[in-house]
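Chain and residue survey
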Protein chains: 2
Amino acid sequence: MPRLSIHPSRAFQAYQIFAANTNVGKTVFATGLCRAAAVVASSKKTNPQVFYGKPVQTGYPVDSDERHVKTFNPSSLQTQTLYAYPDPVSPHIATAEPPSDAQVMEKTKQYMLDCVKKSRDSGGYLFLETAGGIHSPVMSGTSQADFYRGLRLPSVLVGDGQLGGISTTLSSFESLHIRGYDIPSLLLFNHDRYKNHELLSTRLHDQKIDITNVPPPPSPNPDPIQDKAAMAKYYEQLDEYLVPMMERLDLHHQERFDRLESMADKARDVHWWPFTQHNLVKEVTVVDSAHQDHFVTYAKTPDNSNAVEAKEMFDSCASWWTQGLGHGNAKLTLAAANAAGRYGHVMFPECTNEPSLALAEKILERDTWASRVFVSDNGSTAMEVALKMAMRTAGKRYGWLDQQRPVDILGVDGSYHGDTIGTMDACSPNVYNEQVQWYQPRGHWLQPPSVHISQGKTYVQVPKEMGEAKQVFYDSVSTVYSVDQDNRDPALTDVYKQYIRKELDGLRQQGRHIGAVLMEPVLMGAGGMIFVDPLFQRTLVDVIRQEGKDLLGYKEQSSTASSSSWQGIPVIFDEVFTGWYRLGRPSASDFLGVKPDIAAYAKTLTGGLLPLALTVTKESIFDTFVSDNKPDCLLHGHSYTAHPMGSAVAKESIEILDTMATDGTWTPYQEPWKQQDGGNTWSMWNWNTVQQLSHLPNVDSVMSLGSVLAVNLKDDQTKGYGSAVSASVIQQLRHGDHTDASGTSINLFARPLGNVIYLMTSQITTPADVQECERILLSSLTGTNSA
Amino acid sequence: MPRLSIHPSRAFQAYQIFAANTNVGKTVFATGLCRAAAVVASSKKTNPQVFYGKPVQTGYPVDSDERHVKTFNPSSLQTQTLYAYPDPVSPHIATAEPPSDAQVMEKTKQYMLDCVKKSRDSGGYLFLETAGGIHSPVMSGTSQADFYRGLRLPSVLVGDGQLGGISTTLSSFESLHIRGYDIPSLLLFNHDRYKNHELLSTRLHDQKIDITNVPPPPSPNPDPIQDKAAMAKYYEQLDEYLVPMMERLDLHHQERFDRLESMADKARDVHWWPFTQHNLVKEVTVVDSAHQDHFVTYAKTPDNSNAVEAKEMFDSCASWWTQGLGHGNAKLTLAAANAAGRYGHVMFPECTNEPSLALAEKILERDTWASRVFVSDNGSTAMEVALKMAMRTAGKRYGWLDQQRPVDILGVDGSYHGDTIGTMDACSPNVYNEQVQWYQPRGHWLQPPSVHISQGKTYVQVPKEMGEAKQVFYDSVSTVYSVDQDNRDPALTDVYKQYIRKELDGLRQQGRHIGAVLMEPVLMGAGGMIFVDPLFQRTLVDVIRQEGKDLLGYKEQSSTASSSSWQGIPVIFDEVFTGWYRLGRPSASDFLGVKPDIAAYAKTLTGGLLPLALTVTKESIFDTFVSDNKPDCLLHGHSYTAHPMGSAVAKESIEILDTMATDGTWTPYQEPWKQQDGGNTWSMWNWNTVQQLSHLPNVDSVMSLGSVLAVNLKDDQTKGYGSAVSASVIQQLRHGDHTDASGTSINLFARPLGNVIYLMTSQITTPADVQECERILLSSLTGTNSA
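The name given to chain A in an unreviewed UniProt entry is Dethiobiotin synthase, with Absidia glauca as the source organism.

Put into C-alpha cells, the structure is as follows:
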C-alpha cells in the first residue's frame, strides 16, 4: 500500500480556519479563501484541486456553511460536512450522545486522506472550518484548539473587527500560539471607527503574521435573490483582497517547504549531537512537531529528489526517556507559562517561591524517609550533588575528612550515572568513558545478577563471581519482584550476602574509604537495559546498613554518630531513569522494599518538557553541612537552580501521574498481567507479546516492566555497545514504511543500546498505540512486512 | 516616612476586574462586588473601607462606570476615575495625545497608595476596573493584561455567557494565566440556553477557580426612573450571589496570607539551598512574584507578629546573573510556550527541530570563527564539554592520547568554571573547592593583573609574580579596554609576555601536558568580580598561539596538524557570565580582539528564564571526534539536550538584545561615559557615581562595565570569601527600608562576594531605577539614611 500522510506536503496545502469568536465571518472568509485558492490554483501547471471541509455543523440544515461556501464558489470546489445537528447551539448541547473525540478525529483524518488521494497528481488546497471560537467545544466538550492540535495545520485566524475585538483576537492568537500552531495569516472585517487591524498589526508585529483587513459583507437582505446577488458582488470585491493574500500564503507554504527540505543538511553542518558518531548518522530526522507520543517528521522522499514528505513516528525511545505525559501537553505548557509569567527565573538561595516550595513539599509528602530537597538541572548534576552529600557525610562520621587517602564509591558494574566527569568517575571503566582524558574510576563495582525471560521462562542469571554462573528459574515475573513481601529465595539471598561480605572484606583489606553506595534500583538503563535482580539490591542495602561499618572496618567519631539516621554507608538511589512510574510503580525503590539515604530524580520528573533535577535526602546528611562556617556548606549550585517553570511543571506532572495511578487509566495494561503473571508487577507491553518475543530465534532474552520493553538480541560477535546486530532492526523500525489500518504511514523512532533493542512508551500511551508498536516490532524482528 | 506598599496585605485586599470581552457586565459586577464587600466588611471588627477605581474611562461623561457604581452602592463607597475621555471608543483612538504608560501607572499607584493610607487602621477592599477586554489597550496601545502586570493584583475575570463566550472566556483566562496573574474568581451572566458556566466549570476544574453564574440584569428601560428602580432591585438579587462569593474570595485572600506567612519557615525546613550556609541565613526572602527588575517579596513585619508585608526589591544580583530581559517578560513566555506546545521536548541526537536549528544558525551568524554548536543545560556542563573537546583535540595532535601522564589545563588564578567535579578541577585550590572530596586541581594557574578605579584614578594592578607588584595608571577606563585598536602599552605587554613565557617554560621542564587554556574573558565573576586586564588575556592568547607549542615543547603528529585551524593549545573562553552584552558588548571577547577556539555560553543566553547552555567551537576540533568508530564520539549528553523551549527563548532573547544594541535603548547610559571617559567603553552605572564611590573612605577600589558595578571594600582582616565587612552593607541594602519618591518602600536584593559588593542590572533596567540603586548604594556605604 503506498504511503499516505494527512500532513501537508509541498503539493498539498491544508489550513485550519479558526476564529476569535462566533459570528466574526469564518464562513465568509472560508468562501473567499476557496475562491482565491481556485484562482491561484488555475495559475499552476497541475491545476491543484480545492477542498472545503466542515467537521461539525449545528443548526443544520437551516444553517449550512458548506452550502454557503458551495453557492459562491466554482463548481470544481469539493466540499463535505462530516457531522450535522439541527439545534443551532454548541455541539455539546446540540446532541445528547455525541460521537467520541476519537471518532470525530478518525473521520476528519479519513476525509483529509480522501482529499490527499484525490489530489495526488494535481496537488490541492484544503480548508477545514472550525465552529465558533477557537476554544468552542468540538463535540462532547473538548476545545477545538486542543482537539485539532494533533493535525497542527497552519491556521488562518479570523479576527474580530468590532469593539472589544482587539482583545478577543489577541487572546485567541495566544491560545493557539501556546499550543504550537503556526498562524501565518489573520483576516478581519474592517470597521471604519475602531480600525482594530492597525493596533493588531503593531501588537502582532514580531509574530510575522500577514494581516488582511477587508470590507465587511453587506447587511442581509430579506429577499433571498437580492441577498444572493449582493453577496456574489461582495465576493468579487473580496477576491481583490484574498487572491493576493492567498498568493502570499502560497509563498509562505513554499518557503516552509524550502526550509524543511534544507534542515537535515543544515543540521549536519551546525549541530554537534551528544553521544553521536556523526560519521555513522544515516539519516537526520527533522522533527517538525510532536503530539502525545508521535513525532511529525519530514524526510526525503525515496525518489532521490530534494523533496521531503511527512512521516509520523512513534517516539519509542520516549525522547531519551524523558516523556511521561507526552508532547505538546497543554496542561504542562500552561503550568510552565504561568510560572514564566509570574516570575521568569528568580533568585533561589536564601529565598523561596511558591512553585519551588510546593514542589519540595510534594516530593517530601511522598518521600517520607527524606526531609531535604536540593535542586539542579539534570541527572548528572543531581548525582554529583548526591556524591558530594554522601562522601562528606561518611568522611565526617568516620574521620577521613583530613586524610589524604582517596575516597571511593561502591557501585554496580554496568551502571551509568551521568556524563560529567564526577559522575563518570563513579562508573566502572568501559569503552566509552575511557576515551575521556579526565576519567578515573574511583570505586569498586559489584557484579549484578539480572532478570530475563527466555523461551517463555523467567530466570535470574547469577554471575560467576558469586561462586558459579547459573540460572535460577521462577514461576512468574511477579515472583521475582516480590522482594518486599517475604523472603523470596533464602538460598539465593545467602549467595548474595556471602558475595557482598567477601567484597566488603576485600575493600577493608585494601584500606579503602567507601564514601557512598550507588545504584540504579531495578533497572540499569544506559548500561544496556539490565534488569538487576531486586533481591540482590535489597540484600546489598541490608548488608551495608547492618554490617557495612564493621565489614569495612570503620570507626565512628563519637561526635556525629548519635544523631544520624543513616547506617553503614550512605546509600544513593539514582532514580533519574526509573522514577515517576517508569516501571509501573511510583518509585523503583518500591520494588526493593527499602528506601535510600539520598535519591536523585530527573527526566520524567518534568513530564518530558524541560530540564530540572532533584537530589532528595535526610536531615542527618543535611546536618553534616551545617555550621557557622560558610565554606562548610554544600558547594554546588547552578544559575537556574529551582527555576519556577521547571518546578511548576514538575509539580503538575506528579499530580497528573498520581491521579492516573488511581483512576484506572492503566487498568487495561495491568489486568492482562494480573491474570497471566499472577501478581502486581505489570507493564504497558502485553504479557503475551513479551512471551512471544522471548521465543524468537534471534532473541536471547526479553524483559519488561512499566513502560519499558527490552529485547536482547543474540550476537555471536560482540556484546554490548559495539554490537551491530541491532542496526538492521532499528533501520526496519525507523524506516520500514509500516502503515496503520487507515493507510497512514507510521514508524518507530527507536535507538539501539548495543545488542539491545528497547521500546519505551510514555505514561499516556494508548493501548492501540502499544499494539501497533508490538506489531511493528514483531514484524521487524521476524523480517516480515508489517504493511 | 513609614513604609507603604501598593501590594495587598492581609488587611488590604485589592482586585483587578478583567473581562473576556467588552459589554459582558464588568461594571455591573464591579457594582455588585463593591456592595458585597461592604456587606462582608460590616461583619468585621475594623469595618474595612471599600474603594472603587476606574483608571481609564471613555465615552465620559455620558458613560461613567464610576457613577453607575456609586449610584447603586452605599454612600460609604469611595470611588475615583483617573482619566476620562468623551469619545466612546478605545482610548488609543479616543485621545490623540495620550499620557504615557508610565504616567498612567504612576497615577494608578498613587491612587492605590491613597487607598492604603486611608484604610491603614480599618483595612480595605479595592476594586480596579479595567476597560474592554483583557487585551484592550490602556492608552497608547499597550494591552491592559501587560500594563497591569506590575501590580499583579488577584483578578476577577468577567466571562461571557453568550454563544461563543466559552471560547473568549477561556482564551482570556489563558492570556492572563500565562502572564502570571492569579484568577481566584470567574463571574458571568447566566444564559438559559448556552449554560456556558457548566462547560467552563469542567474546563477550568484543575485551575481551582471559583465560578459564579448569576441572572443577567433586566433589559434597559427607556424611563430612567424605572430603569434605576429595576436595577436597584436587580442588585438586591445579585447580592444573594455575590455576598457569598465575596466571602469565599475573602477566605481565599486569608488563605493566601496564611500561606505567605508560613513560607519562610517551611522553606527553611525543606530546601537545601545551593552554596548557602543555612546557619548563616538571617532572613528567608519569599518572592511572591517578579516583574522586570523587581521582586515582590513578603517579609515579616517588624512587630514580631507572624504577619508579613509586601516589599519591592530590586533584583540587584540579576538572579545569579541570569537576568537579561527581566522577569515575567511576556515575549519570552510566549516563545517558550509556543515551543512547549509544538514539541514539548523532542529527541535531539540524529535529529533536528526548528528552534534548535534556528538557534545554532543564529549563534554561528555571530560567532563566525566557529562552525559547531553543542547544547547542554548549564555553565558547568558547557565547560565540561569544552574541556572534553579541548583535551582530546590537543592530545590527538600531540600524541598523548595513549599516554598515562595526566592532562592539565592552563588557567587564570581566581577563575571559576562551575560546580561539577570536572569544572572544579579546572580551578585553582581555594577554601571552597578543597572541601569537596573528589576535587583535585588539574592545572597550572597564572596570576592575573586587574583593573581598578581608586580615588578617581584608573589603574592596572600588576602582581608581584611578574617581577614587581605595581600600579600602572591610565587616563580613562576606555584606554584600558582599547586593546584591539593598537598596542595599548608595549612595555606592559612585554612584562606580560615574559611572565607567560617563563611559566610555559616551567611547565615544559615539568613535562606537563597542557590540554586547554581557559579563561573568563575580561571579568572573573564568582572569583570576586575581578576585572582582569584585557591586555594580559590578549597577550596570553597571542603567546599560546604563536609560541605555545614550542615553549611547551610539543611535537605535532603529522596526521592531524595540516587541517587544523587552532594553534598552540585550544583556547576556551568561559563566557557563561560575560556573554550577551553583560559588559556592554555582545561578547567579552570583543574587548580582547581575539576569538577563542571554544566558547561556553549560558545564564543570560535565555534572557533569564530557563536553563540552556552552549559550547561553540571550530570544525577542526569537531573533526577530532569524527571517525567510523562510535566510541570516538563526544561522550556527553543530557536528556533535555537542545530542548525546544530553551532554544526558542534563547533565539528570541538574542534577537531582542541585538535590536536593543542598535535602536538607541542604551544611549542614555552610553552618552555620559562617552563624554566623560572619552571612549567606547560604557556601563549602565553612571560614570560620576563610579568616581564618587572610588573616593569613599571604606572603599578600596571600584570597577564597572556594562551592567556590572563592583565595589571592593577595605578589609583589614581577611580578604576574599571569608571577609565580613560586606555583611552590614548587604544588610543595609536589603533591609534598610529605603523608600522612593512616592513613599513606596524599595530595597535591593544584593549578595556579597567576600569583601566585594556588586550590583548588577538587567539589560532592560531603566535609568530611573539605576539612579535609585546608586542612591541606595551610596547611602548604605556612607551609613546615611536614604529614606
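Additional details are given in the paragraphs that follow.
Once that is clear, we can look at the overall build of chain A. Scanning chain A from terminus to terminus reveals 24 helices and 29 strands. Rg of the C-alpha trace for chain A: 30 Å, near the compact-globule value of 28 Å for 787 residues, within the 12% margin. For the C-alpha atoms alone, the extent of chain A along its principal axes is close to 100 × 65 × 55 Å. For chain A, restricting intrachain contacts to residue pairs at least 6 apart in sequence, the fraction spanning at least 24 positions comes to 73%. For chain A, the accessible area works out to roughly 25900 Å², and carbon and sulfur atoms hold 49% of it. Once the 68 positive and 87 negative side-chain charges of chain A are each reduced to a mean point, those two points are 2 Å apart.

The next thing to look at is the interface of chain A and chain B. Facing the 166 residues of chain A at the interface are 166 residues of chain B. Both faces considered, chain A and chain B share a buried interface measuring about 14900 Å² in area, 58% of it formed by carbon and sulfur atoms. Among the residues chain A hides against chain B, the three largest losses belong to W272, E350 and W438 of chain A. Together they make up 8% of the total. At the junction of chain A and chain B, the tally comes to 20 salt bridges. Residue E174 of chain B pairs with R179 of chain A through a salt bridge whose shortest N-O separation is 2.7 Å. Where chain A touches chain B, the interface holds 118 residue pairs in polar contact (both at pLDDT 80 or more). Looking at the side of chain A that touches chain B, its residues break down into 72 nonpolar, 60 polar and 34 charged.

With that out of the way, let us pick up the relation of the copies chain A and chain B. Its rotation angle being 180 degrees, the transformation that places chain A on chain B also includes 0.0 Å of axial translation and leaves an RMSD of 0.0 Å. What the superposition gives is, in effect, a two-fold axis relating one chain to the other. Relative to the rotation axis, the C-alpha of S171 of chain A is the closest in chain A, positioned 2.6 Å from it. Taken together, the interface assignments show that 100% of the residues at the interface of chain A recur at the interface of chain B, consistent with an identical surface on both copies.

Opposite charge on two side chains permits pairing when their charged atoms draw close. All names here are of chain B. Tallying each qualifying case throughout the model produces 82 salt bridges over all chains. Between D146 and R179 there is a salt bridge, and its shortest N-O distance comes to 2.6 Å. Here D146, found in helix α5 (residues 144-147), pairs with R179, found in the loop between α6 (165-177) and β6 (185-189); they are 33 residues apart in sequence, far enough to count as distant. Of the residues examined, D146 reaches a relative accessible area of 29% and is grouped as partly exposed. Classification of R179 by relative accessible area gives buried; the value is 6%. Between E655 and K651 there is a salt bridge; the shortest N-O distance is 3.3 Å. With E655 and K651 both in helix α20 (residues 644-662), this residue pair falls four residues apart, about one helical turn. On the basis of relative accessibility, which here comes to 26%, the residue K651 falls in the partly exposed class.

Residue and element names in this part refer to chain B. The buried fraction of strand β25 (residues 708-713) amounts to six of the six residues, a majority that puts the element mostly inside the structure. With burial as the criterion, each face of β25 is covered, one bearing V708, A710 and N712 and the other bearing L709, V711 and L713. The sheet contact formed by strand β24 (residues 699-705) and β25 spans six bridges and is antiparallel. Across the sheet, the residue bridging to L705 is V708, located in β25. In textbook terms, the turn of a hairpin is the stretch between consecutive antiparallel strands, and for β24 and β25 this stretch comprises two residues, one of which, G706, has a positive phi near 55 degrees.

What follows concerns the sheet that holds strand β2 (residues 49-58) of chain B. Pairing between the strands of a sheet comes from backbone hydrogen bonds, and it takes one of two forms, parallel or antiparallel. All names here are of chain B. Taken in spatial order, the seven strands line up as β3-β2-β4-β1-β5-β6-β7 in an open sheet, and their pairing is parallel. Here the strands that pair on one side only, and so sit at the sheet edges, are β3 (78-85) and β7 (210-214). Sheet twist, expressed as the mean angle between neighbouring strand axes with direction ignored, is 20 degrees. Bridging between strand β1 (residues 12-19) and strand β4 (residues 124-129) involves six bridges; their strand directions are parallel. Within β4, the position partnered with A14 by the bridge is L126. In the packing of helix α1 (residues 26-42) onto the sheet, the strands contacted are β1, β2, β4, β5 (155-158), β6 and β7, and the crossing angle to β4 comes to about 180 degrees.

It is worth spelling out the packing of α1 of chain B against helix α8 (residues 224-270) of chain B at this point. All names here are of chain B. For the pair α1 and α8, the least separation of the axes is 7 Å and the interaxial angle reads 65 degrees. Considering the relative orientation of α1 and α8, their crossing is right-handed. On α8, the residues touching T27, V28, F29, T31, G32, L33, R35, A36, A37, V39 and V40 of α1 are M231, Y234, Y235, E236, L238, D239, L242, V243, M245, M246, E247 and D250. Residues that form the contact of α1 with α8 fall into these classes: 15 nonpolar, three polar and five charged.

A few words on the packing of aromatic side chains. Within the structure shown, the criterion is met by 51 aromatic pairs over all chains. When the ring of F257 of chain A is compared with that of Y298 of chain A, the centres are 5.6 Å apart and the planes differ by 85 degrees; the resulting orientation is edge-to-face. Here Y298 of chain A lies in strand β9 (residues 294-300) and F257 of chain A lies in helix α8 (residues 224-270), a separation of 41 residues in the sequence. Classification of F257 of chain A as buried rests on a relative accessible area of 0%. Ring centres 6.3 Å apart and planes at 90 degrees place the aromatic pair Y398 of chain B and W566 of chain B in the edge-to-face group. Placement of the pair is Y398 of chain B in helix α12 (residues 379-398) and W566 of chain B in the loop between α17 (558-561) and β21 (571-574), with a sequence separation of 168 residues.

With that settled, consider the sheet that holds strand β23 (residues 613-617) of chain B. Residues and elements named next belong to chain B. Taken in spatial order, the seven strands of this open sheet run β12-β23-β22-β21-β18-β13-β14, and their pairing is mixed. A strand with exactly one partner marks an edge of an open sheet, and here the two such strands are β12 (372-376) and β14 (443-446). Here the average twist between neighbouring strands, direction ignored, is 20 degrees. Where strand β22 (residues 598-601) and β23 come together, four bridges link them in antiparallel fashion. If you follow Y601 over to β23, its bridge partner there is L614. Strands β13 (407-412), β14 and β18 (513-519) of the sheet are contacted by helix α15 (residues 490-509), whose axis makes an angle of about 165 degrees with β14.

All names here are of chain A. Inspection of the secondary structure assignment puts D700 in strand β24 (residues 699-705). Note on D700: relative accessible area 30%, which makes it partly exposed. Sequence separation between D700 and N755 is 55 residues, and the spatial gap between their C-alpha atoms is 9.8 Å.

Here is what the cut-offs are and how they apply
Residues numbered from 1 in each chain as written. Chains lettered and ligands numbered in written order. Predicted model: local features only at pLDDT ≥ 70, side-chain atom pairs only at ≥ 80, totals over all residues. Heavy atoms only, no water. Helix = DSSP H or I, 4+ residues; strand = E, 2+ residues; numbered from the N terminus. Rg over C-alpha atoms; globule rule 2.2 N^0.38 Å. Contact = heavy atoms within 4.5 Å. Areas by Shrake-Rupley, 256 points an atom, 1.4 Å probe, with all protein chains shown as cover. Lys, Arg positive; Asp, Glu negative; His and termini not counted. Charge placed at Lys NZ, Arg CZ, Asp CG, Glu CD. Buried area = accessible area lost by both parts, 1.4 Å probe. Salt bridge = Lys/Arg side-chain N within 4 Å of Asp/Glu carboxyl O. Polar contact = N/O pair within 3.5 Å; in protein donor to acceptor, adjacent residues only side chain to side chain. Nonpolar A, V, L, I, M, F, W, Y, C, P; charged D, E, K, R; others polar. Least-squares fit on C-alpha atoms with pLDDT ≥ 70 in both. Buried < 20%, exposed > 50% of the residue type's maximum accessible area, 1.4 Å probe, protein only. Pairing = 2+ DSSP bridges. Axes fitted to C-alpha atoms, helices over the stretch in contact; angles between N-to-C directions. Left-handed = near helix turned anticlockwise from the far one by under 90°. Phe/Tyr/Trp six-rings, centres within 6.5 Å; stacked < 30°, edge-to-face > 60°.

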